[in-house]
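# An overview of the molecular structure
The residues making up each chain are set out below.
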Amino acid sequence: MAGTRVTLRQLHAFEAVARLRSFSRAAEEMHVTQPTVSKQIRLLHEEIGLPLLEQIGKKVFLTEAGEELFSTCAEWLETWSRFEQSIANLKGLKQGRLKIATVTTAKYFLPRVLGPFCAEYPGIDIAMEVVNRDRVLERLARNQDDLYVMGVPPEDWNIESEPLMENELVVLAAASHPLARRKRIPLQDLTRHRFLVRERGSGTRMTVEQVFKEQKLPFEIRMELGSNEAIKQAVAGGLGLAVLSRSALYPEGGKELAVLDVEGFPIRRTWYVVRPKGKQLSVVAETFLVFLRDHVQMLVPRQ
């Protein structure tokens, strides 16, 4: 091992593959191609002198050496991250890096405040990961970002959650749907229709399923779809009803969609800014958090 030249890029690639157990997901997270990740892993294998990963079919396994490296890799990367934060603090706000992870629905409103922030602090480099709630929780558990934005913070986690703004959940149907012309629709009437939903773990889906459960009403699902855009298109096509955040309807709105007047809706929830409890924010992250609080009105959907 004497003279081993292991790079941070190789360690980042290895840590991502080892954690996600997938070369493709690691490449997606790192915003590089899969061959790039494979090359970094190959170079790391050559430097270490032992195989670290084994791929059998589509499954990735850690070798004994890989387990040893993975157990210390996260600590090394966290140490480097702290060093980068210290350097950014010393440089003040002339330059630095802000890392945010957010659930997919927040992508509709969060950029509205990122633009003015970047205009005021042009030297700041912002990386915003837009993923589903389960992936946000993975990143939160590993303390990979400065701040996290989500609608349903996990319970019993050692985190700090700060309310950001109201999150209204509304029932959608095709504009031509018979329910679109009715007023004060009882929740019971929705049980005659099937719903289009996001994957399990989605904060919106969890909330809606709980509402129907509390009312002892069935909640029938027609299909799961991987994005809000796909759900809106499917609703417009008459495939079923959906419950989405009002934030997801704009700016395009949608003449093909109707927000139904359902008793008990909109469900009023809250968007939160989350971080691990006791996390020492960098000067950049702290400044952005203050900016976000002062400019929260920019986030309200423009109807």
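Check the entry above for the structure.
Residues numbered from 1 in each chain as written. Predicted model: local features only at pLDDT ≥ 70, side-chain atom pairs only at ≥ 80, totals over all residues. Heavy atoms only, no water.

Take the nonpolar core next. Counting residues in each nonpolar core, the largest one holds 34 residues, and the members touching the most others are L98, F109, M150, L164, F288 and L292. Elements with a contribution of two residues or more to this core: strand 3 (96-103), helix 5 (111-120), strand 4 (124-131), helix 6 (133-141), strand 5 (147-150), strand 6 (159-174), strand 11 (267-276) and helix 9 (283-294). When residues of this core are assigned to their parent elements, the largest contribution, six residues, is made by helix 9. Discounting residues that sit within four places of it in the chain, L292 has contacts with L110, V113, L164, V273 and L299. Residues A18, I41, L53 and C73 belong to the second largest nonpolar core, which totals 21 residues. (Core = buried A, V, L, I, M, F, W, Y, C linked by side-chain atoms within 4.5 Å. Buried < 20%, exposed > 50% of the residue type's maximum accessible area, 1.4 Å probe, protein only. Helix = DSSP H or I, 4+ residues; strand = E, 2+ residues; numbered from the N terminus. Contact = heavy atoms within 4.5 Å.)

A word on the packing of aromatic side chains. Evaluation of the coordinates by the stated rule reveals seven aromatic pairs. A centroid spacing of 4.9 Å and a plane angle of 55° characterise the contact between F212 and F219, whose relative ring orientation is tilted. For F219, a relative accessible area of 17% gives the class buried. Each residue in the set F117, Y121, F288 and F291 is aromatic and connected to the rest through ring pairs, giving one cluster. (Phe/Tyr/Trp six-rings, centres within 6.5 Å; stacked < 30°, edge-to-face > 60°.)

In this section: the environment of K59. One can find K59 in strand 2 (residues 59-62). Residue classification places K59 among the exposed positions, given a relative accessible area of 58%. In this structure the C-alpha to C-alpha distance between K59 and S22, which are 37 residues apart in sequence, comes to 7.3 Å.

Their axes nearest at 11 Å, the elements helix 5 and helix 9 cross at an angle of 125°. Regarding the angle of helix 5 to helix 9, the classification is oblique. Judged by the sense of rotation from one axis to the other, the crossing of helix 5 with helix 9 is right-handed. Where helix 5 approaches helix 9, its residues V113, L114, P116, F117 and E120 are matched on the opposing element by V284, T287, F288, F291 and L292. By residue class, the composition of the contact of helix 5 with helix 9 is eight nonpolar, one polar and one charged. (Axes fitted to C-alpha atoms, helices over the stretch in contact; angles between N-to-C directions. Parallel < 35°, antiparallel > 145°, perpendicular 65-115°, else oblique. Left-handed = near helix turned anticlockwise from the far one by under 90°. Nonpolar A, V, L, I, M, F, W, Y, C, P; charged D, E, K, R; others polar.)

Interhelical geometry of helix 2 (residues 23-30) versus helix 6 gives an angle of 80° and a closest axis separation of 14 Å. By the angle class used here, helix 2 and helix 6 are roughly perpendicular. Each of R25, E28 and E29 in helix 2 lies in contact with helix 6, whose residues at this interface are R135, E138 and R139. A per-class count over the contact of helix 2 with helix 6 returns no nonpolar, no polar and six charged.

A word on the pattern of salt bridges. The full count for this structure, using the stated rule, is 21 salt bridges. In this structure, E15 engages R142 in a salt bridge whose closest nitrogen and oxygen atoms are separated by 2.8 Å. Taken as a pair, E15 in helix 1 (residues 8-20) and R142 in the loop between helix 6 and strand 5 lie far apart in primary sequence, 127 residues in all. A relative accessible area of 31% places R142 in the partly exposed class. The partner of D125 in a salt bridge is R97, with the nearest N and O atoms 2.5 Å apart. Of this pair, D125 sits in strand 4 while R97 sits in strand 3, placing them 28 residues apart in sequence. (Salt bridge = Lys/Arg side-chain N within 4 Å of Asp/Glu carboxyl O.)

Before going further, it helps to examine unusual backbone geometry. That bond from F265 to P266 is cis: its omega, 0°, falls within 30 degrees of zero. Relative to the assigned elements, P266 resides in the loop between strand 10 (257-259) and strand 11. At R21, a position not held by glycine, the phi torsion is positive, near 55°. Residue position: R21 is located in the loop between helix 1 and helix 2.

Its location among the elements puts L169 in strand 6. Here the alpha-carbon distance between L169 and E129, two residues 40 residues apart in the chain, equals 23 Å. Excluding residues that lie within four positions of it along the chain, L169 makes contacts with T204, T207, V243, L244, S245, F265, P266, I267 and R269.

Before going further, it helps to examine helix 8 (residues 228-236). Among all positions of helix 8, only N228, I231, K232, A234 and V235 are buried. On an axial view of helix 8, the arc spanned by its buried residues comes to 165°, and they lie on one face. Looking at the buried residues of helix 8, the elements they touch are strand 6, strand 7 (195-197), strand 9 (242-245) and strand 10. Among the residues trailing helix 8, G238 stands out with phi positive, at a value near 85°. (Arc of directions from axis to C-beta.)

The subject of this paragraph is a nonpolar patch on the surface. A surface patch of nonpolar side chains, amounting to about 270 Å² of accessible area, comprises L8, W80 and F83. With respect to the helices and strands, W80 occurs in helix 4 (residues 64-91). (Patch = residues over 30% accessible without salt bridge, like charges linked within 9 Å, V, L, I, M, F, W, Y side chains within 5 Å. Areas by Shrake-Rupley, 256 points an atom, 1.4 Å probe, with all protein chains shown as cover.)

Within the secondary structure, N228 sits in helix 8. Setting aside residues up to four positions removed in sequence, N228 forms contacts with T104, T105, Y108, R198, L244 and A248.

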